[in-house]
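Each chain is listed here by its residues.
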Amino acid sequence: MTFDLMQQLPDDWRVRLEPLLDPVKTAALAAFVAGEYEEQTVYPPPEDLFNAFRHCPYDRARVLILGQDPYHGPGQAHGLSFSVKPGVKLPPSLRNIYKELASDLDVPVAAQGDLTPWADQGVLLLNAVLTVRAGDAGSHANKGWEEFTDAAIRALNEKSERVVFVLWGAYARKKARLITGERHTVIESAHPSPLSAKKFFGTKPFSAVNKALADAGEPEIDWDLTSA
């Protein structure tokens, strides 16, 4: 199985990431991912791998919500951080995200977990690691994905328009060092995981995102998924 990662990326993202990546390391990552897809059960499926970039073109990207690792259960991961396909049971972190959204903006809690409508409005739902073996959380960490997705964060940092970076949990918050543009906004808090949800609840990230966008003269995000 051959797998050219850069050719899988939408053109607008590829031209911005290529100058920020080491081609030798990218080729090694591609070889690893190809081997894993061939020999193991890996999520998300290859056709969903870059959904975050497909649904959120570079020029329209206004918000980043950074996750760590794709869901590793059957049928869950589909290339958008924290999101699951319609009909899939809501994972605990996503349930807590919905609870905070309801508390923050009085948005009704959605019955389904597909966050594609957010992505289509310019929210890049990016995981730091984009693949995982079935049932083995973190199994594709430290294989090269981190450099790849760091390049995406750096590319967003280069935008002249404001980007709001939402970093939940200690892992994501380490990426704040990549965000140097004074025009940008960084929103940090605990992770929505049940392990840290008590510190996540009450942080009001969604209203903070919309305020930062409005202050920059950009349209707010419609977070309501109940009509999706």
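These figures come from a predicted structure and were not determined experimentally.

Any chance you could explain helix α3 (residues 23-39) here in plain terms?
Here α3 contains 17 residues, and its C-alpha end-to-end distance of 24 Å stays within 8% of the 24 Å for a straight helix at 1.5 Å per residue. At the N-terminal boundary of α3, the capping side chain belongs to Asp-22, with an oxygen 2.8 Å from the backbone nitrogen of Val-24.

Which parts of the structure should I look at to understand the UniProt feature "active site" (unreviewed entry) in the protein?
On the UniProt side, "active site" (unreviewed entry) is annotated at positions that read Asp-69 here. The residue Asp-69 is located in the loop between β2 (63-67) and α5 (92-105) in this model. Excluding residues that lie within four positions of it along the chain, Asp-69 makes contacts with Asn-127, Val-129, Thr-131, Val-132, Ala-137 and Gly-138. A polar contact of 2.6 Å, which involves the side chain of Asp-69, links it to the backbone nitrogen of Gly-138.

Even after reading the chapter, I still don't get the packing of aromatic side chains, so can you show me in this structure?
The description of two aromatic rings rests on the distance between their centres and on the angle between their planes. Applying the stated criterion to the full structure yields 13 aromatic pairs. Summarising the aromatic geometry, the rings of Phe-50 and Phe-148 are spaced 5.7 Å apart at their centres and angled 10 degrees between planes, so their arrangement reads as stacked. Placement of Phe-50 in the loop between β1 (42-43) and α4 (51-55) and of Phe-148 in helix α7 (residues 145-157) is noted, with a sequence separation of 98 residues between them. Judged by relative accessible area, which is 1%, Phe-148 ranks as buried. Here Phe-206 and Trp-223 contribute two aromatic rings whose centre-to-centre distance is 5.0 Å and whose plane-to-plane angle is 75 degrees, an arrangement assigned as edge-to-face.

I would appreciate a short explanation of the UniProt feature "domain: Uracil-DNA glycosylase-like" (unreviewed entry) in the protein in the present structure.
Under the UniProt annotation, the feature "domain: Uracil-DNA glycosylase-like" (unreviewed entry) is placed at residues 54-213. Helix makes up 32% of residues 54-213 and strand 14%, with an end-to-end C-alpha separation of 22 Å.

Explanation requested: the layout of surface pockets in the structure shown.
As a volume, the largest pocket reaches approximately 510 Å³. Around the largest pocket, the lining is made up of 28 residues, and of these Gly-67, Gln-68, Asp-69, Pro-70 and His-191 lie nearest the centre. When contributions to the lining of the largest pocket are tallied by element, the ones reaching two or more residues are β2, α5 and α8 (169-173). Tallying contributions element by element places α8 first for the lining of the largest pocket, with four residues. Considering only residue class, the lining of the largest pocket consists of 14 nonpolar, twelve polar and two charged.

What should I look at first to understand the environment of Lys-198 in this one?
Secondary-structure assignment places Lys-198 in helix α9 (residues 197-200). Judged by relative accessible area, Lys-198 falls into the exposed class, the value being 82%. Separated by 102 residues in the primary sequence, Lys-198 and Asn-96 place their C-alpha atoms 9.8 Å from one another.

Can you walk me through empty space enclosed by the protein in this structure?
Unfilled space is identified by rolling a water-sized probe across the atoms. Counting across every chain of the model gives two cavities of 30 Å³ or more. A volume near 40 Å³ is recorded for the largest cavity. Here the lining of the largest cavity is composed, by residue class, of six nonpolar, two polar and no charged. Taken as a whole, the second largest cavity holds about 40 Å³ of empty space. Lining the second largest cavity we find Tyr-98, Leu-101, Val-107, Pro-108, Val-109, Ala-110, Trp-223, Asp-224 and Leu-225. Classifying every residue of the lining of the second largest cavity by side-chain character gives eight nonpolar, no polar and one charged.

Could you clarify how one ought to interpret the environment of Gly-35 in this entry?
Within the secondary structure layout, Gly-35 lies in helix α3. The spatial distance from the C-alpha of Gly-35 to the C-alpha of Phe-3 is 9.1 Å, given a sequence separation of 32 residues.

I would appreciate a short explanation of the pattern of salt bridges in the present structure.
Side chains that carry opposite charge are capable of pairing whenever their charged atoms lie near each other. Applying the stated criterion across every chain yields a total of eight salt bridges. Here Arg-173 makes a salt bridge to Glu-188, at a shortest N to O gap of 2.9 Å. Of this pair, Arg-173 sits in helix α8 while Glu-188 sits in strand β6 (residues 185-189), placing them 15 residues apart in sequence. The salt bridge partner of Lys-211 is Asp-215, with a shortest N-O separation of 2.7 Å. One end of the pair is Lys-211 and the other is Asp-215, both in helix α10 (residues 205-215) and four residues apart, which spans about a single turn. We classify Asp-215 as exposed; its relative accessible area is 53%. Residues joined in a network through salt bridges with shared partners are Asp-150, Lys-175 and Arg-177.

Calculation notes
- Per-chain numbering applies: the sequence of each chain, read as written, is numbered from 1 onward.
- For a predicted model such as this one, the threshold for reporting local features is a pLDDT of at least 70, and the threshold for listing and counting side-chain atom pairs is 80 or more; totals across whole chains, interfaces and linings nevertheless cover every residue.
- Note: side-chain values were computed over all heavy atoms of the structure, leaving out hydrogens and water.
- Helix and strand assignments follow DSSP, with helices taken as H or I runs no shorter than four residues and strands as E runs no shorter than two, numbered in order from the N terminus.
- By definition here, a helix of n residues has an expected span of 1.5 Å times n minus one.
- Under this definition, polar contacts are N or O atom pairs within 3.5 Å; protein pairs additionally need one hydrogen-donor-capable and one acceptor-capable atom, and for neighbouring residues in sequence, both atoms have to be side-chain atoms.
- UniProt positions are given in the numbering used here, feature names are shortened, and annotations may be inferred rather than shown by experiment.
- The contact definition used throughout considers only heavy atoms, calling two residues in contact when any of these lie within 4.5 Å.
- Stacked, tilted and edge-to-face pairs are distinguished by plane angle, under 30 degrees for stacked and over 60 for edge-to-face with tilted covering the rest, among Phe, Tyr and Trp rings (Trp via its six-membered ring) whose centres lie within 6.5 Å.
- Buried, partly exposed and exposed residues are distinguished by accessible area as a fraction of the type maximum, computed with a 1.4 Å probe on protein chains only: under 20%, between the cut-offs, and over 50%, respectively.
- Both cavities and pockets are sets of points on a 1 Å grid over the protein atoms alone; in a cavity a 1.4 Å probe fits but cannot get out, in a pocket the set is open with protein on both sides within 12 Å along at least five of seven lines, and lining residues sit with an atom within 4 Å of a point.
- Grid points are joined across faces, edges and corners, and a volume is the space filled by probe spheres set on the points.
- Only Asp, Glu, Lys and Arg are considered charged in this grouping, and only Ala, Val, Leu, Ile, Met, Phe, Trp, Tyr, Cys and Pro are considered nonpolar; every other residue, Gly among them, is considered polar.
- When a carboxyl oxygen of Asp or Glu lies within 4 Å of a side-chain nitrogen of Lys or Arg, that pair is called a salt bridge.

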